[in-house]
Amino acid sequence: MTLRFLTAGESHGPELTVIVEGMPGGVEVRGEEIDRELLRRQQGYGRGARTQRIERDHAEIVSGVAAGRTTGAPVAMRIVNRDFANQPERPRPLTAPRPGHADLPGAIKYGMEDFRHVRERASARETAARVAAAALVRPLLAAFGVRVGSFVTEVGPECLRVRLEGLDAAALAGLAAAAEEDPNRCPDADASARMREAVDGAGRSGETVGGAFVVFATGVPPGLGSHVHWDRKLDGRLAGAVCSIHAVKGVEIGPATEVARRPGTEVQDPIVLRDGELARMSNFAGGLEAGITNGQPVVLRAWMKPLSSVRAELVSVDLETGERADPPYVRSDVSAVPPAAVVGEAMVAWVLAEALLERFGGDRLDVMLAAAAAVRGPGAATREAGR
Ligand code: EPS
């Protein structure tokens, strides 16, 4: 049995609950770090009133931690929904499904006549629980030297061009540090100013915008994931995890959309010796070859569609009356690209932590670190012989 987490809770219910099972013993847990991650997810240009003014997320740790470290037992956390207090006792049933949301397919699947019961769980509010779960594994990753970060490259029509294949760990860390200071999580001030205008314009006209964000991990040991079977390939697992984020419709590993258009000879990552160590001249592969990490930074990009809650008239059908209907507008964010990048970090951190446990065993951190130190790659003997 490996690392796993479960989330429960509705957007306007009393709380989100998350249980993380399979954590190794001995990993440091700092509540303020978990809350810091929750705050990063709540911020961002284009967020609505709820995340800006109503919610201030805090994870209450209920179990699995003693003296500031994991005990190996399941870690349960609660995140209270402050907006619960503002909910009407008997809200009007929603009978006209909104296109682009889970309303109709979810209601067909579970036999709900009131779409509210579907949308309550389908809401992206749930991602707060994911971020809390991933905040637990970040110190585990850090113990191996793995750092996960993100930055936004597109909001609406505005785009920051970045050559993903040329970014080493230091360049990626620099971009993430600049993004951390920016409300769009964009590392370039001019591009961010244009993004802000795009969000403002969309907000004024009742529109929403989508965009794209890059998530990366540096210091990733080679050998995570596997080429031997389809469901062990780490690129597929990462893409699946990131694509499970609300409104994300596409994921590329490395600069894949560009790689697809260029000749094969131009998109190799040649293997060279640099100061006696194996190194690569570029990172077109995004740190993954055949579904295994190769020691380069893991880099992926995700695209998010514009949020489907727009003020403009929607075309739908009221399933109670059978008449054409415009479903009532529900307050929404104009842009949720910056928080989606933070959730992207959480999903990438989670999948990498799973893969670390698979490779180095998962009962206790000290044993994992010793197992990692014992791994010697091909060529190690040659290098030690001074060649
Ligand atoms: C969301 C709609 C909005 C967002 C919410 C996600 O909530 P509400 O319908 O209450 O205004 O604020 O996101 C969060 C509350 C959050 O913490 O991310 C949706 O429909 O997905």
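Our structure is the block above this text.
Quick summary incoming for the structure in this document. (Residues numbered from 1 in each chain as written. Predicted model: local features only at pLDDT ≥ 70, side-chain atom pairs only at ≥ 80, totals over all residues. Heavy atoms only, no water.)

**Points about the pairing of strand E9 (residues 211–218)**
And then number 1: A large share of E9 lies buried, amounting to 8 of its 8 residues.
And then number 2: Judged from the 8 bridges that link them, strand E7 (residues 147–155) and E9 form a sheet pairing that is antiparallel. Residue pairing for E9: Val 152 is matched across the bridge by Phe 213.
And then number 3: Of the pairings in the sheet, the one linking E9 to strand E15 (residues 298–304) comprises 7 bridges and is antiparallel in character. Each residue of the ladder has a partner; that of Phe 213, found in E15, is Ala 302. (Buried < 20%, exposed > 50% of the residue type's maximum accessible area, 1.4 Å probe, protein only. Helix = DSSP H or I, 4+ residues; strand = E, 2+ residues; numbered from the N terminus. Pairing = 2+ DSSP bridges.)

**Observations regarding the nonpolar core**
And then number 1: In terms of nonpolar packing, the biggest core is built from 87 residues, with Val 20, Ile 34, Met 77, Val 148, Phe 151, Phe 213 and Leu 352 touching the most fellow members.
And then number 2: Among the elements that take part in this core, helix H10 (residues 337–360) stands out by supplying 16 residues, more than any other.
And then number 3: The residues contacting Leu 352, other than those within four sequence positions of it, are Leu 141, Val 146, Val 148, Ala 217, Val 220, Leu 224 and Leu 234. (Core = buried A, V, L, I, M, F, W, Y, C linked by side-chain atoms within 4.5 Å. Contact = heavy atoms within 4.5 Å.)

**So, the sheet that holds E7**
And then number 1: Spatial ordering of the open sheet is given by E8-E7-E9-E15-E10, a layout of 5 strands whose pairing is antiparallel. Of all strands in the sheet, those bounded by a partner on one side alone are strand E8 (158–159) and strand E10 (248–253).
And then number 2: In the sheet, E10 pairs with E15 via 5 bridges, with the strands oriented antiparallel. Residue pairing for E15: Val 251 is matched across the bridge by Ala 302.

**Regarding the sheet that holds strand E6 (residues 75–80)**
And then number 1: In space, the 4 strands of this open sheet follow the order E1-E2-E6-E3, with antiparallel pairing throughout. Two strands lie at the open edges of the sheet, namely strand E1 (4–8) and strand E3 (59–61), each paired on one side alone. Mean inter-strand twist for the sheet, computed between neighbouring axes without regard to direction, equals 20°.
And then number 2: The sheet contact formed by E1 and strand E2 (residues 15–21) spans 5 bridges and is antiparallel. When the bridges of E2 are listed, Phe 5 appears paired with Val 20. (Axes fitted to C-alpha atoms, helices over the stretch in contact; angles between N-to-C directions.)

Without other data, these values stay purely geometric and don't point to any function.
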